[in-house]
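Breakdown of the fold
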Amino acid sequence: MIRSNLFHLLFGLLLLSLVACKKDDDTTETPEPTTKTDFLTLQPWKPVSDKINGNELIQDCQKDDKYTFSDNGNHAIDFGPLRCNTELNVTNNTWAFANNETTLVITAADGSAIPYELITVNRDSLVLKFGLEVITYLPY
């Protein structure tokens, strides 16, 4: 009888240890973006529209440009294979939010800064306004 109980006890402990052990999952989930910085830096952006008073100004040579915002404040523009003029292939700038994250300020290497009104930034689009000009970007 003691042997039988000991067997059942050991068998039960074995089953319990198998059920209690869980294989560690090595995959780390990337947190969902929640802030404007998260969305802005989530992915590169490409311009798809540049309008003033409803008139489209964007050129084909601008549609292959890639705008990348890094969470360390760096901002790069890769002008792609279609060039509008003799512009450099890549420019390196900085970016920062101002006015309670309603303004996106892009500062060039020469120190000149352009403040854009931030209309929209989410997973699907980035919309900026400078004066009457409204520029729409989509994920690259």
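You'll find the structure just up there.
Calculation notes
Residues numbered from 1 in each chain as written. Predicted model: local features only at pLDDT ≥ 70, side-chain atom pairs only at ≥ 80, totals over all residues. Heavy atoms only, no water. Helix = DSSP H or I, 4+ residues; strand = E, 2+ residues; numbered from the N terminus. Buried < 20%, exposed > 50% of the residue type's maximum accessible area, 1.4 Å probe, protein only. Polar contact = N/O pair within 3.5 Å; in protein donor to acceptor, adjacent residues only side chain to side chain. Core = buried A, V, L, I, M, F, W, Y, C linked by side-chain atoms within 4.5 Å. Contact = heavy atoms within 4.5 Å. Pairing = 2+ DSSP bridges.

Remarks on the side chain of Q43
- Mapped onto the secondary structure, Q43 falls in the loop between α2 (36–41) and β1 (45–52).
- Look at Q43 and you get buried, because its relative accessible area is 18%.
- A distance of 2.8 Å separates a polar side-chain atom of Q43 from the backbone oxygen of R123.

Considerations on the nonpolar core
- L40, F69, L104 and L126 are the most contacted members of the largest nonpolar core, which totals 18 residues.
- Elements supplying a minimum of two residues to this core: α2, β3 (66–69), β5 (90–98), β6 (103–107), β7 (113–121), β8 (126–130) and β9 (133–139).
- With 3 residues, the single largest contributor to this core is β7.
- Sequence-distant contacts of L104, that is, excluding residues within four places in its chain, are made with L40, F69, W95, A96, F97, I114, P115, Y116 and L128.

Observations regarding the pairing of β6
- One ladder, built from 5 bridges, connects β5 with β6; its direction is antiparallel. Along β6, the bridge assignment pairs F97 with L104.
- The hairpin formed by β5 and β6 contains 4 residues between the paired strands, and N99 there has a positive phi angle of roughly 50 degrees.
- Where β6 meets β7, 5 bridges bridge the pair, whose relative direction is antiparallel. Paired with L104 across the strands is Y116, a residue of β7.

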